[in-house]
Amino acid sequence: MAVPELAPLQVLPSRGGWFINFVLVLDENDAASMKAAPSPAGAGYDWKDEGEEWSAPWGCSASQWAGTLLPRIHEWVPTKTILELAPGFGRWTHYLEGLCLQMHLVDFQERCIAACRRRFAEKTHLHYHHNDGESLAMIADGSIDFLFSFDSLVHAPRVAIESYVRECGRILRKDGVGFIHHSNLGAYARSFDEIVSAGARRLWTKMGLAESNHSRVADMTAELFRELCATHGLQCIRQERINWRGRRLLDCISTFVRTDSKHAAPLRVWDNYEFMREAEIIRQRSQIYPTPLGGRGDALSDPRRA
C-alpha cells in the first residue's frame, strides 16, 4: 500500500458540534484493499438474547419497531407476500409476519433459519430458505410485494449486495417495494481512521480519537447502491443516510422499486445525523408509555381478513 498523502481536513456537521475527519488521498487499489471486521453475528456468536441486545439504544425491539421501522415502511404494509433477508433469530419477523399472507425468510446461516423455524413453528404462512449469502434462486419471478432487511446487510460486501439487487429486479412484482439497510462506510474510505490497522483503530476509539465502524463493510455506499439498482432495472426512490452509534453517516436505508412501478419517483435523500438521537427519545418515551399492541404489525389491518 502506498504511503498516503495528507489532504485538507474534512469537517462534518453533527448534533452538538462538528466532527473533524483527517482525509487521505488514496489510489483505487488502496481503497479497494480496506476491509471491515467480520459481522458481529458471525459463526461464533452465541445469540443468547436472540438479537434483542442490538435494540438496546431504543429500549427494546418493540420500541424500535414501533418508533423507527414501522413509520418508515407503513405505506407498503400490510401486503400479500413479504421476503425478509437475513432475519437472524426473527427479531423483525415477529412483527412482519402479521402483515402478510405469505412470508419468506432467507438467511445464509443455517442456525438462524433453524431458530426461526422453532420460534415460529405455529405460523403456517412462513417459508424458510437457507442460501449461499447471494442467491435468491428459490424465490419465484415476480412474486414478492415487499422485501425487507434491517440491521443485517450492513455487514454484506458489495458482491453480495449486487447479487441481491440483481435478484430483486427479478423477484419483485411490478409494484413491489424493497427496503434495505446497508453500509455507507465507503463514503469515508479516504478518512484517516479507515486506513490504519484494526488494532490502531480500536485503540484510538477507546481514546476517543476515532469512531468505531461497527463492522460495516468499506466497499458499499449509498451512491453505489443507487448505481446497482439502475443497472438491474430498479430505481431508488428514497435514501436515508444515518449515523449509527456515532456521528458519521455509516449506514443508509434505501427504498427502491422497479422502473416500471407506479411508485417510481424522483429520488429523495435525507442525511439524518439525528438517527441515534431519535433512538434515545424513543427509549425514554418507552419507559413512560407502553408500545401500542407490543409494537406488532397487528396494529394495522390484517391482510388475511381482506
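Rules used throughout
- Residues numbered from 1 in each chain as written.
- Predicted model: local features only at pLDDT ≥ 70, side-chain atom pairs only at ≥ 80, totals over all residues.
- Heavy atoms only, no water.
- Helix = DSSP H or I, 4+ residues; strand = E, 2+ residues; numbered from the N terminus.
- Buried < 20%, exposed > 50% of the residue type's maximum accessible area, 1.4 Å probe, protein only.
- Contact = heavy atoms within 4.5 Å.
- Phe/Tyr/Trp six-rings, centres within 6.5 Å; stacked < 30°, edge-to-face > 60°.
- Lys NZ or Arg CZ within 6 Å of the ring centre and 35° of its normal.
- Core = buried A, V, L, I, M, F, W, Y, C linked by side-chain atoms within 4.5 Å.
- Expected span 1.5 Å × (residues − 1).
- Pairing = 2+ DSSP bridges.
- Axes fitted to C-alpha atoms, helices over the stretch in contact; angles between N-to-C directions.
- Salt bridge = Lys/Arg side-chain N within 4 Å of Asp/Glu carboxyl O.
- Parallel < 35°, antiparallel > 145°, perpendicular 65-115°, else oblique.
- Left-handed = near helix turned anticlockwise from the far one by under 90°.
- Nonpolar A, V, L, I, M, F, W, Y, C, P; charged D, E, K, R; others polar.
- pLDDT = per-residue confidence, 0-100.
- Right-handed = clockwise from strand over helix to strand, strands pointing away.

Okay, the overall build of the protein next. Assigned secondary structure in the protein consists of eight helices and twelve strands. Counting every position in the protein, which comprises 306 residues, the buried fraction comes to 50%. For the protein, restricting intrachain contacts to residue pairs at least 6 apart in sequence, the fraction spanning at least 24 positions comes to 71%.

This brings us to the packing of aromatic side chains. Think of a pair of aromatic rings as described by two things: how far the centres are apart, and how the planes are tilted against each other in angle. On inspection of all chains with the given rule, the structure shows ten aromatic pairs. Residues Phe146 and Phe148 carry aromatic rings whose centres are separated by 6.3 Å and whose planes lie at 50° to one another, so their mutual orientation is tilted. For Phe148, a relative accessible area of 0% puts it in the buried group. We note Arg248 situated over the ring of Tyr188; from NZ or CZ to the ring centre the distance is 5.4 Å.

Now for the nonpolar core. Counting 35 residues, the largest nonpolar core has Trp65, Ile73, Phe146, Phe148 and Phe150 as its most contacted members. In terms of residue count, the dominant contributor to this core is helix α2 (residues 61-73) (five residues). In this view, Phe146 contacts Ile73, Trp76, Val77, Thr79, Thr81, Ile82, Leu83, Val177 and Phe179; residues no more than four positions away in its chain are not counted. Core analysis: the next-biggest nonpolar cluster, separate from the first, contains 27 residues, Ile139, Leu153, Tyr164 and Ile180 among them.

The subject of this paragraph is helix α5 (residues 158-171). For α5, built from 14 residues, the straight-helix expectation of 20 Å at 1.5 Å per residue is met to within 8% by its first-to-last C-alpha distance of 20 Å. Those residues of α5 that sit buried are Ala160, Ile161, Ser163, Tyr164, Val165, Glu167, Cys168 and Ile171. In this fold, the buried residues of α5 make contact with β5 (81-85), β8 (144-149), β9 (172-183), α7 (222-231), β10 (234-242) and β11 (251-258).

Right, let's get into the sheet that holds β11. Spatial ordering of the open sheet is given by β7-β6-β5-β8-β9-β11-β10-β12, a layout of eight strands whose pairing is mixed. Of all the strands in the sheet, the pair left with one neighbour each is β7 (126-130) and β12 (268-272). Each strand of the sheet is rotated relative to its neighbour by a mean of 15°, with strand direction disregarded. As paired strands, β9 and β11 are joined by seven bridges and run antiparallel to one another. Paired with Val177 across the bridge in β11 is Val257.

What follows deals with the pattern of salt bridges. Tallying each qualifying case throughout the model produces 14 salt bridges. Of the charged contacts, one joins Glu240 and Arg72 as a salt bridge, the two residues approaching to 2.8 Å between their closest N and O atoms. Pair noted here: Glu240 is in strand β10 and Arg72 is in helix α2, with a separation of 168 residues, a long-range link. Close ionic contact of Arg158 with Glu162 constitutes a salt bridge, the shortest N to O distance being 4.0 Å. One end of the pair is Arg158 and the other is Glu162, both in helix α5 and four residues apart, which spans about a single turn. Beyond isolated ion pairs, a larger network of salt bridges with shared partners links Arg72, Glu240 and Glu278.

In this section: the packing of α2 against helix α8 (residues 275-286). Packing of α2 against α8 brings their axes to within 8 Å, and their N-to-C directions diverge by 135°. Here α2 lies oblique to α8, going by the angle between them. Handedness of the crossing formed by α2 with α8: right-handed. Residue-level inspection shows Ser63, Gly67, Thr68 and Arg72 of α2 in contact with α8, the latter providing Phe275, Glu278, Ile282, Arg285 and Ser286. The residue inventory of the contact of α2 with α8, partitioned by class, reads two nonpolar, four polar and three charged.

Turning our attention to the confidence of the model for the protein. Of all residues in the protein, 74% attain a pLDDT of 70 or more, and the chain-wide mean is 83. A low-confidence stretch, residues 1-38 (pLDDT under 50), is modelled with 69 contacts involving residues beyond four sequence positions or located in other chains. The model gives residues 297-306 a pLDDT under 50, and that stretch makes 23 contacts with residues more than four places away or in other chains.

On to the pairing of strand β6 (residues 102-107). Of all six residues that make up β6, five are buried, and the element is covered over most of its length. Alignment of β5 against β6, held across five bridges, turns out to be parallel. Counted as the bridge partner of Ile82 is Met103 from β6. One ladder, built from five bridges, connects β6 with β7; its direction is parallel. Bridge pairing in β7 places Asp107 opposite His130. Following the chain from β6 across helix α4 (residues 110-119) to the adjacent parallel β7, one finds a crossover that is right-handed.

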